[in-house]
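Summary of the model geometry
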Amino acid sequence: MTGIGYSSLSYLQKMDVDILKIDKSFVDGLETESNSRDLCKVMIMLALQLNIQVVAEGIENEKQKQYLLEAGCQFGQGYLFSKPMPFLQFQEYYFSHQSLLDLAEVNLAIGDTEYKVELIKKAI
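Residues numbered from 1 in each chain as written. Predicted model: local features only at pLDDT ≥ 70, side-chain atom pairs only at ≥ 80, totals over all residues. Heavy atoms only, no water.

1. Some remarks on helix H4 (residues 62–71)
To be explicit about the condition: We call a residue buried when its accessible area falls under 20% of the maximum for its residue type, exposed when it is over 50%, and partly exposed in between, using a 1.4 Å probe and counting protein chains only. Numbering goes from the N terminus for both helices and strands, where a helix is a DSSP run of H or I of at least four residues and a strand is a run of E of at least two. The directions considered for the arc are those from the helix axis to the C-beta atoms. Here, residues are in contact when the closest pair of their heavy atoms is within 4.5 Å.
Residues of H4 that are buried: Gln64, Lys65, Tyr67, Leu68 and Ala71. Summarising the axial view, the buried residues of H4 lie within an arc of 165°, below the 170-degree limit, and thus occupy one face. Among the exposed residues of H4, those pointing more than 90 degrees away from its buried face are Lys63 and Glu70. Buried residues in H4 make contact with helix H2 (24–28), helix H3 (34–49) and strand E2 (53–56).

Structure (structure tokens):
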């Protein structure tokens, strides 16, 4: 359940949630608003406690990336990594620059390229 524009903690009980996405509005305030920092940290801690993966959207600079890494965020997306692009272009770019795109320092040990492509398709 992604991209619907609203959220509720009750979904964590009612639905099989695999990934929690932190909205860009929270990421935007990481450098200037302690409220955004605290909320991001709590959301990440909650998700990790429930064995839910976390992705932050709208990462635009290294400071935001570093804060999210330190808070335990596993994945990220945003202009810091790349502008939007067609899937085939993304696939080619990802596999040739994978280390540049990884938010977390530790990746899943997946060597099978076909499996990675399937994971990417599911995430889109």
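2. A closer look at the environment of Leu20
The residue Leu20 is located in strand E1 (residues 19–22) in this model. Along the chain, Leu20 and Val54 lie 34 residues apart, while their C-alpha atoms are 4.9 Å from each other. Residues in contact with Leu20, not counting those within four places in the same chain, are Met43, Ala47, Ile52, Gln53, Val54 and Val55.

3. Notes on the pattern of salt bridges
We count it as follows: Salt bridge, as applied in this entry: a Lys or Arg side-chain nitrogen positioned within 4 Å of an Asp or Glu carboxyl oxygen.
For the coordinates displayed, the defined rule picks out three salt bridges. Note that Lys21 is salt-bridged to Glu57, the shortest N-O span being 3.7 Å. Taken together, the residues span a long stretch of sequence, with Lys21 in strand E1 and Glu57 in the loop between E2 and H4 at a distance of 36 residues. For Lys21, a relative accessible area of 41% gives the class partly exposed. Where Lys24 meets Glu60, a salt bridge forms, and the shortest distance between an N and an O atom there is 3.1 Å. Of the two residues, Lys24 is situated in helix H2 and Glu60 in the loop between E2 and H4; the sequence distance between them amounts to 36 residues. For Lys24, a relative accessible area of 30% corresponds to the partly exposed category. What makes Glu60 partly exposed here is its relative accessible area of 40%.

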